[in-house]
Structures are given as structure tokens and as C-alpha cells.
Amino acid sequence: MQIEFNLNGQAVSADVEPRTTLADCIRNDFGQTGTHLACEHGVCGACTVLVNGEAVRSCLLLAVQVQNDKVVTIEGLSGDELTPLQAAFRKHHALQCGFCTPGFITTAHALLSHEPDADEDRIRDVLSGNLCRCSGYVPIVEAVLEARSSYRDSGSK
Amino acid sequence: MKVFNSYIGRPMERVEDLRMVRGRGTYVADVNRPNQLYAVILRSSTAHGIIKSIDSSEALALAGVHHVLTAKDLGNEVPLIPLRLQPLPQLEPFHQPVLADKKVRYVGEPIAVVIAESAAIAEDALERIALEIDPLPAVATRAQAEAKRSVLFEGHGSNVAITWKAFRGDADEAFKTADYVRRETFRVQRHAAMFMEPRGFVAEWDEAAGKLTVWGAAKTAWYNRRTLAAQLGLELEAVDLIEVDVGGGFGSRGEFYPEDYLIPAAARIVGRPVKWTEDRREHIMSANHARDVECDVEFAATRDGRFIGLRGQIWSDIGAYIRTNGSVGPRNVAQYMSGPYCMEHIDLKSSMLTTNKTPCGTYRGPGRYETDFIRERMIDLAAQDLKIDRVELRRRNLVADAQMPYTLASITPYDSSTELDSGDYHAVFDRCLKEFGWEERSKLRGQSIDGYYHGLAIGSFIEGGAAGPKEEVRLVLETDGALSVYMGSSSVGQGLETIMAQIAADAMEIPYEKITILHGSTSYVKDGYGAYHSRSTVMGGSAILLGAEKLKELIQQTAAQRLGCKSEEVVIDGEQASFGGNHIAFAGLSETPLEVEAAFFNKKYTWAYGTQAAHVAVDPGTGHVKVIDVMSVEDVGRMINPLTLHGQAIGSIVQGLGGAFLEHLVYDDEGQLLTGSFADYLMPTASDFPSIRSVTLELKPCPNNPLGAKGAGEGGLIPIGGLMANAVADALSHLNVQPMELPLSPPRIWQLVEEAEAARARA
Amino acid sequence: MKPPIFEYASPLTVAEAVSLLASRNGNAKVISGGQSLMPMLAFRLAAPELLVDLKHLKDLGAIRIGEDGVRLGARVRWCDIESDARLAVSHPLLAEAIKHVAHYQIRNRGTVGGSVAHADPSAEMPGIAMTCDAQMKIVGSAGTRIEAAADFFTGPLQTSLEQDEILTEVHLPAWPAARRWAFLEFARRKGDFAMAGVALYYDLDSGSRITDAHIGAIGVADRPIRLTEAEAVLNGNQMSDKLIAAASAKARQSIDPPSDIHAPGAYRAALVATLLGRGLKKSAA
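Just so it is clear, the structure is predicted and the values come from calculations on it, not from any experiment.

Notes on the overall build of chain B
- When helices and strands are tallied, chain B shows 18 helices and 32 strands.
- A globule of 763 residues ought to have a C-alpha radius of gyration of about 27 Å, and chain B, at 27 Å, matches this closely.
- With the C-alpha coordinates aligned to their principal axes, the bounding extent of chain B is approximately 90 × 75 × 50 Å.
- Restricting the contact set of chain B to residue pairs at least 6 apart, pairs at least 24 apart contribute 81%.
- Total accessible area on chain B stands at roughly 24,900 Å², and carbon and sulfur atoms take up 49% of it.
- Considering chain B, the positive charge centre built from 77 side chains and the negative charge centre built from 100 side chains are found 3 Å apart.

Below you can see the structure in the form of C-alpha cells.
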């Protein structure tokens, strides 16, 4: 099937089988490999992307379901300089192997965009949908707490 | 004025993060080769059985399917996977074939490989392979193994593959005269490393050049290259294993698995690059399991609480085959049961049982997590029996500084012995009590607050690291003055590039930013050993120090010719070589890169050590345990990067908590794996264990390497199982609840409470 | 873990969706949020010929609150319930229960209709539907029918939905402001399916006696159930520790939960008693 959507600010189109997940489409059809697959059954959160501003698991979504939608991946949240959220991850050593990291950053970005005042409990609650095997989560939570101020300042969405 | 030695010991932010936080890392699933095909593996859904037939014709008829590889493609002899560690001849019958040949022995065992235009098509084809297996009775428990419900390896005649013996002193004599002896059985459940990035390979065979390149190597690339080259009948130089970013290892990733052979072999057969990306379901049933241990042990002490001895039998369920490092856990359980405590007399037998389950290998703190659970539980039980405070009892028995080096039990066969190298165990113990606030918190012990009963525990541990025999590096001073460090160490996500750059920067007095660390690929150095046994920092780092000395000599020689002096007269200082007021910058020193090779040899382990304390609260109604606080204090001799080291400790502790409370690979009696997804295999999440603390000390540098560092990173989890069980027992002391088995799942704790209440009602 | 081959359609009306379903003789499946279906496809536990996506049926995404109660369109997502402040008054039991459903990303996609039609015996929404005597609005080739929750859930992951039918709305009857209630569940980790959960409500008569007690339990049978014997213990009596103990004991006796890898049945039965006791205390506080 032919699909069209907006990927990281670009209008894109692809011819995909209906069974192709959004995650596989982003990775294979558009070569944006920052979206990672660690379980493919909707538990680990590594494949989290933003669809119309909301964090969703791209392994639980078919590519054909995002027709005309706006999809943002870790690549779309990244530039030449680290964002305050990314810099906070680095500063707090919130990643080791880095495989789960894009999913944590997309999820945390969605959370802080909507709730820049989220407290530690809320942050832990939201991040409990993402698995990390290396960090023990303590530094990830510290990083997200620290990054809140940049979302308050910019009011960015 | 120049300040040297300024990077080691600093919490440098990681080089790796710059790509990883932006989704720019390259993991093996991100590697693609032109014209590649995709492999998917047909795995046995029968735990034990005889393969009668495999008919691939319908699969091959599907559009897009190129080949279905079965044991028949591999000639008369299906290659076996040799043991990387403890390669005893008597274990050869238990080596795993790369494809099941006539028999399947576990659910998940590879039977065939489908190669197709896409992974989805290959999966479609899997469903069309007609497979006929005559089932045999399965062996899924120790009782079934001992009763020989089946014998997995008929020629061996028993399901006991081998029995290790750890010994010291004269245990039988000591137990005869001991004041106090207690005998107990304990059990630690099967769980696994479960790193986040599934395994994978991309293999490419260049027919014209006779060259095989395999992306996706990890941990032990050079050893795996030797194995693969031998299996394929290729020269070593014809095979290159390439390490890209690696999403976690924890002992499990990077060992030689069937797929390490199958994917390269498939690429050679079909003549096109072949990519395989493991999915989570197959990961859970195919990558190494770990920790499945039961024991029946006796502990002896004097009336005044001096430990005397350990004696007994341990059984490790190692699954259907013995894998590359499959003996490490079972051996460590026996050899290190005494931990950081004086124990004169030891006689422990550790048997490896073959069963129809996924084979086992190492997982962070292999054998140590299990054995610390056993030992620390025994100590708390003894403290209760002997009416000695458990803090005091431990303090009384920790190995003292003056006793170093302290020899641990020896192990046989594949004889080895080792000694604790250095440490002030008492100082760390006391520091932990203080950091934790033991005295203050003790007031809460046994109290019920909002329905939760509070309990504390303390335990000490040792962590062996820095396995030899060597590590290699190649240092290259590039013509522009930058330094490239090629090394045999591997990264499994622990921050190798940052840590090694810190060491190299100090050693060469070159700014950190000018250093590139290249690691883990067989093209970089002649031989390498990789990342296991907490060895990279000590072995790789020490090799860099040696390499730096050699490179400085070469720089002196090169500069001396231009400065017109003797080599030894050249002073190296601030990226330049100087003599008599003349300076030559490293940049431009030579028209060709200056290159040296070096190797660090070491056979002595490093022994980091520490103490942990925990505070939990238990809801007897649900069986839920709230972990209120964990404090870990550890001495690692010398810290290279406090930031990454702290991360290792915290991450390791939370993994240990997963093993203590959540993670369990459950099989039924017919060998069917019942926890084949992340919905059933439960790992810690961000909301489970919010309060974890760690303090790292540099009290006693390691005497056995030039860095003075001790391998660290596994330590955090080692005492956690015992610590949590002791804390739960403490919380429920009014009921005398005594957990003897992990995990401490809510139903198990509820069950213990029910039984204790029933016992109290009877009394 | 790639899904099997299927076709995909995203009809513009419910009628069109129904006729697509009817055209495939049971080999078509509805997809909306997909948060239960997609894992089943990934594991190849389901192999439909056709997926009928409800994404264009905007009307099914509404939460309607009126004098006769709360009407949840089938496409209402967990995050929609979470962010609808009216529900704290209009149906606090629903609002509380839905806090326990899954995780953030799932909550942005998962729907009421998907959960109820999937009929997981541990899931919160079917439990609430069962506890609250919900009426299910179902549209099929034969027209529209309304069915009580008690008749809708027929077994493990089974409902009375015919092959050509779509669940379009869940109607929860009106909620009196003075109603007492509680929702408690216990899961291994936050967001996991509950090992057991209890939803309850009752009203008090002029003599502070319990009337119309409703107690539902999840995770303890092949479908969400009502604990009618425990309800009977409560009705007509004033709340007391003794009554709570009696109702909890009755609940424990009246169920026989299955055992699985996460918990033995006996544990689940005891857990229901514990949760019910705590829930009743909470409701009376």
C-alpha cells in the first residue's frame, strides 16, 4: 500500500505491505535507525516515537495507520548540539549501552512537553513503560528531573 | 605549569553518549550490506525428541525464499561448539552442535535456517516447513534428571555431566568437633542477563578474495574467530569479526552460539550477505540462561561465632548442553562460597546436571550471586541460633588486612586456586553501616507501619576480576599528533572508549580529545581477549600503560635523530619532544605514523570487595516487598571514572533486585518454557526500586597491576539475593519466616507467612 | 517476530466496517489502538485475512456524560479518560481503575472498545463493565443490539460478539454522588496485568445500611466476575470491621481462581480477600 506521512518534518511516502510496523518502516524504508527494536511486542519502549505529539510504541502500530500523521523520532529531536534533555542524560550517565536511550528520550520529551512540572513519582510512573537493563533507572530519573527547567523555559512542544 | 595525570579519577562525561543520545549509534541491526538476504531460524518446540524428518519443499516454493539450511547441508559432521573456558576433555560429549542433527534437546534449539528476501517472508516460510519429531520423555527438574527419566547423552549414561570439588583444610574432621552445625537447602531460580539489544549478525563472504566478514561480534571476538575459522576450514586471516555498538552483554552476549556459525555459513552457501536479527522470543529461549542452582549445605562455627567450615552438595541445572563458559557458574558457587570471610575448612561438591532446557552460561556475578545468597542466609541463621548480633558475627569473621593475601578454596578438576589480594574489609564494613544509618534504622526493625513490616540486612562480598592471560594494544601516533589506540578489549556498553581514553591521555600526556579508542574488531590487533570477568579496565588499561611507555621510547628515538641527541636525552612534555631548548611537536614529528604494540600479561585476579545494607518493608497481605533503601560501599583500589563506575554499581544492584524479586525463567515438567515474552519475564522498571545508593572507595590499590585498579561492575548485584532474603526474614521475624528460595515473589512470601501463621496456631 | 500477511481497510462508516467484517466469514478482525492485537500478530497467534481499522470513525471517540450515566465510545483511549476531569465526579470508580491500565505509551493508543472486546480476565475495563452492570452497544449486519456485561463476557478472551459485529459503546449507568466505592489491584509491577483486583461500590440507606453492593473481581476466573455472595453479606448491614471480615472471608471461599506461572490460585483467592477488606475500609473512610 502507498502511504504518506510526515517524518521528522519531511513529507515522505513509501510503498509498504499492510503488515509492516511503523518501526520497521522508519528503520528500513527511511533508514532512520535511531528507533530501536528490543521486544517487538509492546513492552520495552525502545521503539517509542511521537505520533502527532504523543508518545507511542512504533512496534504496536502499522505503518498504514499513520497515513497523514506527523511522526517524530529521536533523529527529529536531535541536532548538531545536544538538547538540554540529551545533555542531561550525558551528564547524569543515564545510559550505558545506549540501546534503550532513544526510547527514553522520546518518551521523556513527550512527557515534559505536556507536563514540564512532572514530579519524580510521575516521571517514574511514565518511564516505567520503558525497560533499561544497564542503568538501574536512578540516573535516568535524575536526568529527566534536571531537564524539566528547559521545557518550562522554552514552553516547547 | 602542566598538570599530568589529570584524567584518571575524573567523572568524565562519555564520548559514546554524543552519538547514542541522538540515535546515531550503530548497532548490528543498523548494519546493512548491498544485496543482503535475511535469515530466520526454525527452533524446536519440542523439549526432547528424535528428528524423523524435515521437509522444506513448501517453504522453498514460497516466493522470495532462497534456501533452507539444515544439518544435511553441513556434511557428515555437524560442527560442535568448543568450550572457551575450562575446556576439559570429559566435557566434550556435551558440546552443542550448531544445528540439531538427529536429536533435539531443548525448546529453542536451532533445526534449520531459512534465508529469504525479507525477515517477514522468512517467517512465513518457517510455518511451511514440515517437521516430524518423535518426542522423548523430557528432563526438566533435578528429580527427573537424577531419576533418569531420560538420559540426554546416552553414551554418558547419566545426567550428571561433571562434579567440581572445592576444598580447603579438613572439613570432615572440623565438622566432627564443631560446636555448632546447621544444615539447610537453598535454591536460586533460573534467570538470565536479558540485555536490551537482541543479538544479530550480518555476514558477507567475498568469494574472489576468499574472505569472510562478520558484523555483530562482541565480548570475545578473537576467540570466536578462531572457532569459526576452524569450523569453516578457513585460515584465521580469512575471517574478520567486526564489533559495532553493542547493546549490553552482562556475560551472555558474545559467547559463541550456534548462530555465530550459522549466519556466516549461510552467507557462504547463498553467496550473498545474510542478516539475522534475533527477536525477543528467540532470545529468551536461545541465549544463555543462568543461576539455576540448588544446594544442601552445612555450616560450622564455634560457640562464640568463629566460622569453621562449609560442606555439602550443590547442583547446577545447566540445561541441554555445556556452552562455552558453562562451567564458570557451577565452579564459582563452590569455590567462592566463603566470600570475604575466614573459612578454614571447605568441602563442597558442585554437580552440573544436563536437562532439557536452554543451556546456561555466565550472567554478571556468575555463581557469586547464588553462593552469596546461600552464605549470607546461613550467617543470619547462625546469628539467630548462636544469639550473636549478625553485624558483630560478620565483623568477627571478615578476613583482616593482616591476613592478606588470603587463599580461597581450591577447585578441581581444571585445577585453580586464587587468593584475595588486598583490602581493608572491616573499614568498608563500618563505612557501610555509617552511610546506611544502621543504628538509627534499627529502631524500625520488625515494626509495622501502614501494614508494612520493616526489616534490615547487611552482607559483605568479594568480586573477582581481571582474568588473564593477557590483553593486547596497538598505539599509533598519527602524523597530525592524534593518538589512535587499537585494543583487544571489547565494549558491551560499559563506556570503554571514555575510560581507555582517560588512561591513554594520562599515560601519553595528550589531551583526551585527541585520542580515538578502537576496540573489539579482529582487524585491530593480532590477538585480543575482550570483555568478561570485569577485566577490560585492568587488562586493557594496563596494556595501554605499557604501550605508552613503548610509544614514548619510539618518539624519543625518532626525535633524537632530528634533535641530534641520544634517545634517552629527549624529554617528552606537552605533546612535544624536546632537547636543549629545541622542541618538535608530535604533530609532524614523523612522516609516517609511529606505531607500537604491547601486551599486558597477568594471571592474578583482582579482588574488589564491599558491604551492602538494605532496608525493606513487607506487606504480608499481598507478599509485596518495598525496597526502601540499598546502600553499597565498595573498594575498587583505584577509580578511573567515578561517573561510569557509579553507574555500574547502581545498574548492577537493580539487576540483582530483578533476580531477587521478579525474574524467573519458568519451565513445566515437560520442558516447555512458559515465560517466553517480556509480559511474563519480568524485569525491573523505573517505578520498582527508586532508592539505590552507592559509595566507591580507593582504600587499597591492587598490587598486581600498574593501574592499581580492581575489576568492578559485577559487585553490586553479588550480595543482593542474600541481602533481600535476610531483610525479609528480619521484617517478618515475629513469624520466624525464613526464605530459602528465590525469587521473593509475592506469592512465595505470602505462602511463607501462611505457613508461619499456621505453625504458630499449632504451637 | 513479523506479523503474518493480511489486508488492511480503514472504512469511513460503521456500516461499511460491518460489511467488511461480514464479507470475510470470521477471517477479518477489528483494529483500533491495536495494543492487544499487535502483540498477538507479532507472535503469530492471530492470522486474520483482513484488518478493519476504526481510525476514521471519529464519533466512536467521544465520552458522553448525561443523566443516565457515562457513555464511552469504543475508540475512547485511556489517556482520554485520564484527562477528562468530569469523570472524577461522574464516575470516580472508572477514573481510578483506569489509572492502573498499562503504561504511558500504551495509554495513548489503547481503547475502551479494544480492551472490552479482547476480554482479558485480568483487565480493568472489563472488570469495571462487569462490576457496574454496563450495557454494551453492538452493531452488526443484523442491526444494533444492547447487551449486559454479564452476558457479554463468555470465557477467556471470549465475548458474545459475532464475526460481523463491532462493539461501539460501553454505557455505565448513572453514578449517585454519595455512592461509596473503591478500586484496588495488585500487580507484580506498575502497569502489569493485575494478579487480582477488586472494584466495589454500594449506597447507604437512611439507616446507614449498605444497599445495592456491587463487587467485581479481575484476575481470578476466566472472565471478570461479580462476587455476589460477598455482596449479599454486605447488603442490609452497617459497615463494621466484623462485616468487612465476613465479606472478605466469603469472597475467598466463593472463588476458585486458576493457577498460572505468576501465582497459585490459592494466593489469588487470598489476595482478593485482602484487597476486598482494604477496599471496604477505604470506601468507608
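So that's the structure; there's more coming.
As for the pairing of strand 3 (residues 48-51) of chain A
All names here are of chain A.
- Every second residue of strand 3 is oriented toward a common face, with Thr48 and Leu50 on one face and Val49 and Val51 on the other, all of them buried.
- Both strand 3 and strand 4 (residues 54-57) contribute to a ladder of 4 bridges, which runs antiparallel. Note on strand 4: the bridge partner recorded for leucine 50 is alanine 55.
- The loop that links strand 3 with its antiparallel partner strand 4 comprises 2 residues; one of these, asparagine 52, has a positive phi angle of about 50 degrees.
- As judged from the 2 bridges shared by strand 3 and strand 5 (residues 70-72), these two strands associate in the antiparallel manner. In the sheet register, leucine 50 faces strand 5, and the bridge partner there is valine 72.

A closer look at the nonpolar core
- Phe89(A), Phe661(B) and Met724(B) are the most contacted members of the largest nonpolar core, which has 177 residues in total.
- Tallying contributions element by element places helix 10 (residues 368-386) of chain B first for this core, with 9 residues.
- Contact partners of Met724(B), with chain neighbours within four places excluded, come to Ala614(B), Val616(B), Val627(B), Val630(B), Leu657(B), Ala660(B), Phe661(B) and Leu744(B).
- Leu477(B), Met508(B), Ile544(B) and Val570(B) belong to the second largest nonpolar core, which has 48 residues in total.

Structural notes on the interface of chain C and chain B
- If you look at the interface, chain C gives 24 residues, while chain B gives 32 residues.
- Of the roughly 2,300 Å² buried at the junction of chain C and chain B (both faces included), carbon and sulfur atoms supply 59%.
- If you look at where chain C meets chain B, you find 5 salt bridges.
- In this structure, the salt-bridge partner of Asp619(B) is Arg278(C), at a minimum N-O distance of 2.7 Å.
- Remark: the boundary between chain C and chain B carries 11 residue pairs in polar contact (both at pLDDT 80 or more).
- Among the elements that line the side of chain C that touches chain B, the one with the most residues is helix 12 (residues 265-284) of chain C, at 6 residues.
- Residue composition of the side of chain C that touches chain B, by class: 14 nonpolar, 2 polar and 8 charged.

Observations regarding the domain arrangement of chain A
All names here are of chain A.
- Domains assigned within chain A are domain 1 (2-77) and domain 2 (84-154).
- The straight-line distance from the C-alpha centre of domain 1 to that of domain 2 is 21 Å.
- Contacts between the two partners involve 17 residues from domain 1 and, on the opposite side, 14 residues from domain 2.
- Together domain 1 and domain 2 conceal approximately 1,200 Å² of surface at their shared face, both sides included; 66% is due to carbon and sulfur atoms.
- Per-residue buried area on domain 1 facing domain 2 is highest for His36, Ile74 and Leu77; these three make up 38% of the total on that side.
- Summed over the shared surface of domain 1 and domain 2, the result is 0 salt bridges.
- The set of elements that each furnish at least two residues to the side of domain 1 that touches domain 2 consists of strand 3 and strand 4.
- A total of 3 residues in the side of domain 1 that touches domain 2 trace back to one element, the largest contributor, which is strand 3.

Examining the sheet that holds strand 5 (residues 110-116) of chain B
Residues and elements named next belong to chain B.
- Spatially, 7 strands are ordered 3-5-1-13-10-11-12 in an open sheet, and the strand pairing comes out mixed. Looking at strand neighbours, the two that pair on one side only are strand 3 (65-70) and strand 12 (239-242), the edges of this open sheet. The average undirected angle you get between the axes of adjacent strands in this sheet is 20 degrees.
- Relative to strand 13 (residues 274-277), strand 10 (residues 200-206) runs antiparallel, the two sharing 4 bridges. Paired with glycine 200 across the two strands is threonine 277, which belongs to strand 13.
- Contacting strand 11 (211-215) and strand 12, helix 6 (residues 221-232) crosses the sheet at an angle of about 145 degrees to strand 12.

Brief notes about the side chain of Asp124(B)
- Assignment of secondary structure puts Asp124(B) in helix 3 (residues 119-126).
- Overall, Asp124(B) belongs to the buried group, its relative accessible area being 11%.
- Here the side chain of Asp124(B) touches Arg44(C) through a polar contact of 2.8 Å, side chain to side chain.
- Ignoring sequence-local partners within four residues, the contact set of Asp124(B) consists of Arg19(A), Leu62(B), Pro4(C), Ile5(C) and Arg44(C).

A few points about the pattern of salt bridges
- As enumerated under the stated definition, the model contains 98 salt bridges over all chains in all.
- Residues Arg90(A) and Glu13(B) are paired through a salt bridge, measuring 3.5 Å at the closest nitrogen-oxygen approach. Of this pair, Arg90(A) sits in helix 2 (residues 84-91) while Glu13(B) is found in the segment before helix 1 (17-20), placing the two residues in two different chains.
- Two residues, Arg252(C) and Glu754(B), come together in a salt bridge whose shortest N-O distance is 3.5 Å. Of this pair, Arg252(C) sits in helix 11 (residues 241-254) while Glu754(B) sits in helix 18 (residues 746-762), placing the two residues on different chains.

Reading the values: the criteria
Residues numbered from 1 in each chain as written. Chains lettered and ligands numbered in written order. Predicted model: local features only at pLDDT ≥ 70, side-chain atom pairs only at ≥ 80, totals over all residues. Heavy atoms only, no water. Helix = DSSP H or I, 4+ residues; strand = E, 2+ residues; numbered from the N terminus. Rg over C-alpha atoms; globule rule 2.2 N^0.38 Å. Contact = heavy atoms within 4.5 Å. Areas by Shrake-Rupley, 256 points an atom, 1.4 Å probe, with all protein chains shown as cover. Lys, Arg positive; Asp, Glu negative; His and termini not counted. Charge placed at Lys NZ, Arg CZ, Asp CG, Glu CD. Buried < 20%, exposed > 50% of the residue type's maximum accessible area, 1.4 Å probe, protein only. Pairing = 2+ DSSP bridges. Core = buried A, V, L, I, M, F, W, Y, C linked by side-chain atoms within 4.5 Å. Buried area = accessible area lost by both parts, 1.4 Å probe. Salt bridge = Lys/Arg side-chain N within 4 Å of Asp/Glu carboxyl O. Polar contact = N/O pair within 3.5 Å; in protein donor to acceptor, adjacent residues only side chain to side chain. Nonpolar A, V, L, I, M, F, W, Y, C, P; charged D, E, K, R; others polar. Domains from an automatic or database assignment. Axes fitted to C-alpha atoms, helices over the stretch in contact; angles between N-to-C directions.

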